[in-house]
Amino acid sequence: MSAPAERTGVIHDIGYRRYAGARMSSAGIAGSLLASGVLAVFGFGRSGKAKILPFVLLGMTMVPAVVMVGIMSFIGLDAGLLNYASYNAGSSFLVVLFVAAQAPVLFSRDLRSGVISLYLARPLGASAFALIRWASLVLAILAFVLTPLLVLFIGGLSAGASFTEELPRVAWALAGAVVLALLVATVAALVSSWTLRRGLAIAGTIMVLLVGLGVTVALKETLFFEGMDTAAHWVSLLSPFALVDAVTAVLGGTDAQITSAPESVATGWLLVSTALALMAVGLLLLIRRYRSKGA
Amino acid sequence: MTVIQTRGLTKRYGSGAPPALADLTVDVADGVTGLVGANGAGKSTLIKLLLGLLAPTSGSGSVLGHDITAGGEAIRRAVGYMPEHDCLPPDMRCIDFVVHMGRVSGLPAAAARERAADVLRHVGLAEERYRLMGGYSTGMKQRAKLAQALVHDPQLVLLDEPTNGLDPAARDDMLALVQRIGHDFGIPVLVTSHLLGELERVSDHVIVLDAGRLLRSEETQAFLADTGVVLVEVIGAADAQQRMGEALAARGLVSRPRGSLIEIDPVTLPDDADGEAATRAHDQLRDVVRDTAADLGVGLVRVQAQTGRLEDVFREEVPA
C-alpha cells in the first residue's frame, strides 16, 4: 500500500467560502461605479467592437489639433493660429456624435435590460446612482473635449508658443469645455433615459443637440437682424455649444465662432448661471426618472 | 434565528386601490423559506418592501435586524437579490458583470474578482463565463442572475422565481442549488414561486399569500402531514371496487371511489381523545380494510395513507 504522502495533485472541493474581509464605504462604491461608467463609455468592460466608435471619433477630433501643431512646427506660423476656445464649437459635430452614441451605454442600457433593478438593490440609492451615471458621462465628455485642447496647448508650446501668453487663453477654453460637458451630458442623459431604445436615443440626442444648434444660430441671426439683441443673447440657452461659445467670448475675450457674443459681462455671467440652473432642473428630472424605475 | 420579521405590513399603490399586501405579520428563519402565491398575490411587492425600495403604507418590518424604512442601505449591503425578470446587459461578459456587481456591493477589486470566479463555479457557469451574456440560454441567464446575488457573500438571499422559464432538468438543478445555498452554504433563502410542487421539495418553511393576504405560514412538514384519509386499491372480479365500497359502508365507514382507488375518510374521534386513541383508531381502520377484503375474497393491492399537498391549502381556504 502506497503512503498517502506520495500522491500529488489532489483536487479538493473546498465548498462555499464566506467572505470576512474588508468592505468599501458608500464613497468607495460610488468611486468604483464612476470609474466603471467612464470606462464603459469608451468601451472598456464591454465587447471588443464597442471600443471602435469612441476611439475612431476621438481620433477624428484630434486631427485638426495635430495638423495645426504640425503646421506651426514645420512652417513656423505664429501662435495666433492656436484658437482653443473655438475648437469645440468647430468640432461640435464630432462631440455630438460621441455623446449621442455613448450616452445610451450609461442610461438606456441599464433601464432597458433591467440591470437597474439590480443596481437599486445595492447599497447606493436611486438618486446617487443617477448622479454617478451622469458624472461618468461628464468625465467621459471632458476627456473627449479636453484631449485635443491639451494636444494643441502642449504641441503649441513645444513649437515655440509662449507659455504665459497661451495659459489664460487655454484656461478660458478649458473652463468653457467643463461647462459644455456639464450641459451636454445633462441633455444626453435626459434624452437617453427617456427613450429606452438605443437607436432612438442616438437620433434623439443628435436631434436635440445638432438641430438645436442650427435653430439657435438661425434664431439669433434673425433677432440680431431685427435689432432685438437682448433676446438674441438669451436664445443661446437653447444650445450648449452656442452658449459656451458666446459666454467664453464675452468673459474670456476669445473669438466667438458661432455668432456674435453679448457685450456686457453681466449678461455673460447671467447666461452661465441660468444654464447651470437649467442643468440642475434636468438632474432633478433624471433622479425622478430613476426613482420611478425603482418603485 | 429570525432573519425577516414583519408586523402588520401593508402596501397600497394609490389610496383607492386594493392593498397589494395587507396586514402581513410573518417571521422567516434560517434555511429555505418558500413564498407561494398566484401572480399578483404580493410576492414581488413584499420583496421590494423588504429591500427598502418601497415605503410601506403602514406596519413595520425588519430584515437581519435593520428596519425596512430606515435601514434600507444596511439591508441592501447584506442581502442578495435575484429578480424575476431579465436583468443582464447583453454586451458584457458574465465574469466582468459579476465582478462589477460585487464591486457595486462593496467588495474591493481583488476580492470581487476572486469571489466572482468562485460563485460562478458554484452555480455551474465555469466554462461559459467569458462569453457575452447576450448569447446565453435562459438556463445560463438564471445562473448568472443567481451568481450576482451571491457574489458579495450576503447574509440572506431573496430569489424571485428562480426556476422561471427553465426546462425540467434545469429546474431540478436550480432547485438543488437553492437547497445547497440554504443548507450547505448556510445562507438563509427566501424563494418565491407560483409552483407549489417545487417549494414542497426544497423549502423548510412555506408562506402562502393570496391576494396580498397571509393564508398560512408553517413548516413544510405541517403541510405534508398525514391527513388521516386512507386510499385502498383492490383487484378481483370487474365489480370488486364497488363490492368493497359497499362492504366498507356496511361496517360504518364513509368512503367514495376516486379513479381506481377507494378513498376512506378517517373515523371521527371524540374531542377528548388522546394520541394513543388516535393511533388505535389508525390501526383499527387498516384492520377493518384488511378483514373486509379477506371476507369478500378480493385482492388487496394497496393501503396508503394520503399525505397533504400544498395545493390543498388553496382548496381548503379559498372558496371557489
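The structure displayed is predicted, hence computed values, not measured ones. (Residues numbered from 1 in each chain as written. Chains lettered and ligands numbered in written order. Predicted model: local features only at pLDDT ≥ 70, side-chain atom pairs only at ≥ 80, totals over all residues. Heavy atoms only, no water.)

S.K.: Give a description of the overall build of chain A that names residues and reports values.
M.R.: Helix and strand content of chain A: 12 helices and 0 strands. Along the first, second and third principal axes, the C-alpha atoms of chain A reach 100 × 50 × 35 Å. The buried share of chain A, taken over its 295 residues, is 50%. Restricting the contact set of chain A to residue pairs at least 6 apart, pairs at least 24 apart contribute 75%. (Helix = DSSP H or I, 4+ residues; strand = E, 2+ residues; numbered from the N terminus. Buried < 20%, exposed > 50% of the residue type's maximum accessible area, 1.4 Å probe, protein only. Contact = heavy atoms within 4.5 Å.)

S.K.: Break down helix α1 (residues 43-50) of chain B for me, citing the residues and quoting the values.
M.R.: All names here are of chain B. In terms of burial, α1 is largely enclosed, as 6 of its 8 residues are buried. Those residues of α1 that sit buried are Lys43, Thr45, Leu46, Ile47, Leu49 and Leu50. After α1 finishes, the residue glycine 52 shows a positive phi value of roughly 75°.

S.K.: Residue-level account of the interface of chain A and chain B, with values.
M.R.: Between chain A and chain B, the residue contacts involve 34 residues of the former and 44 residues of the latter. Our count for the contact surface shared by chain A and chain B stands at 5 salt bridges. One salt bridge in this structure joins arginine 17 of chain A and glutamate 114 of chain B, with 3.9 Å as the shortest N-O distance. Elements with a minimum of two residues in the side of chain A that touches chain B: α1 (26-41), α5 (108-113) and α6 (115-120) of chain A. A breakdown of the residues in the side of chain A that touches chain B according to their chemical character gives 15 nonpolar, 12 polar and 7 charged. (Salt bridge = Lys/Arg side-chain N within 4 Å of Asp/Glu carboxyl O. Nonpolar A, V, L, I, M, F, W, Y, C, P; charged D, E, K, R; others polar.)

S.K.: I'd like to hear about helix α7 (residues 126-158) of chain A, residue by residue, with values.
M.R.: Owing to its 3.6 residues per turn, the α-helix aligns residues three or four sequence positions apart on the same side. Residues and elements named next belong to chain A. With 33 residues, α7 extends 47 Å from end C-alpha to end C-alpha; this agrees with the ideal 48 Å at 1.5 Å per step. At leucine 146, α7 shows its largest bend, some 30°, and a proline, proline 148, comes one to four positions later. Note on α7: the residue one or two positions beyond its end, glycine 160, has a positive phi of about 110°. (Expected span 1.5 Å × (residues − 1). Bend = angle between axes of the 7 residues up to and from the residue.)

S.K.: Could you give me a rundown of a nonpolar patch on the surface, with the residues and numbers involved?
M.R.: A surface patch of nonpolar side chains, amounting to about 500 Å² of accessible area, comprises Met207, Val208, Val211, Val215, Leu219 and Leu238 of chain A. The residue valine 208 of chain A is located in helix α9 (residues 198-226) in this model. (Patch = residues over 30% accessible without salt bridge, like charges linked within 9 Å, V, L, I, M, F, W, Y side chains within 5 Å. Areas by Shrake-Rupley, 256 points an atom, 1.4 Å probe, with all protein chains shown as cover.)

S.K.: Hey, could you go over the sheet that holds strand β9 (residues 205-210) of chain B for me, with residue numbers and the actual values?
M.R.: Residue and element names in this part refer to chain B. The strand order across the open sheet formed by 6 strands is β6-β7-β8-β3-β9-β10, and the pairing between neighbours is mixed. Only two strands of the sheet have a single partner each, and these edge strands are β6 (79-82) and β10 (213-219). Taken pair by pair, the neighbouring strands of this sheet meet at an average axis angle of 15°, ignoring direction. Pairing geometry for strand β7 (residues 156-160) and strand β8 (residues 189-193), over 4 bridges, is parallel. Residue pairing for β8: aspartate 160 is matched across the bridge by threonine 192. Those strands touched by α1 are β3 (32-36), β6, β7, β8 and β9, and its axis lies near 155° from that of β8. (Pairing = 2+ DSSP bridges. Axes fitted to C-alpha atoms, helices over the stretch in contact; angles between N-to-C directions.)

S.K.: How would you sum up the packing of α1 of chain A against α7 of chain A? Please name residues and give values.
M.R.: Residues and elements named next belong to chain A. Contact geometry for α1 and α7: axes closest at 8 Å, N-to-C directions at 45°. Our classification of the angle between α1 and α7 gives oblique. By crossing handedness, the relation of α1 to α7 is classed as right-handed. Seen from α1, the contacting residues are Ala30, Leu33, Leu34, Gly37, Val38 and Val41; seen from α7, they are Phe129, Ile132, Arg133, Ala135, Ser136, Leu139 and Ala140. (Parallel < 35°, antiparallel > 145°, perpendicular 65-115°, else oblique. Left-handed = near helix turned anticlockwise from the far one by under 90°.)

S.K.: Before we move on, can you summarise the domain arrangement of chain B with the specific residues and values?
M.R.: One can read the domain layout of chain B as domain 1 (2-223) and domain 2 (227-307). Taking only C-alpha atoms, the centre of domain 1 of chain B and the centre of domain 2 of chain B are 44 Å apart. (Domains from an automatic or database assignment.)

S.K.: How would you summarise the side chain of histidine 233 of chain A if you had to cite specific residues and measurements?
M.R.: Residues and elements named next belong to chain A. If you trace the backbone, histidine 233 turns up in helix α10 (residues 229-235). Note on histidine 233: relative accessible area 10%, which makes it buried. Among residues more than four places away in sequence, those in contact with histidine 233 are Phe224, Ser260, Ala261, Pro262, Glu263 and Leu271.

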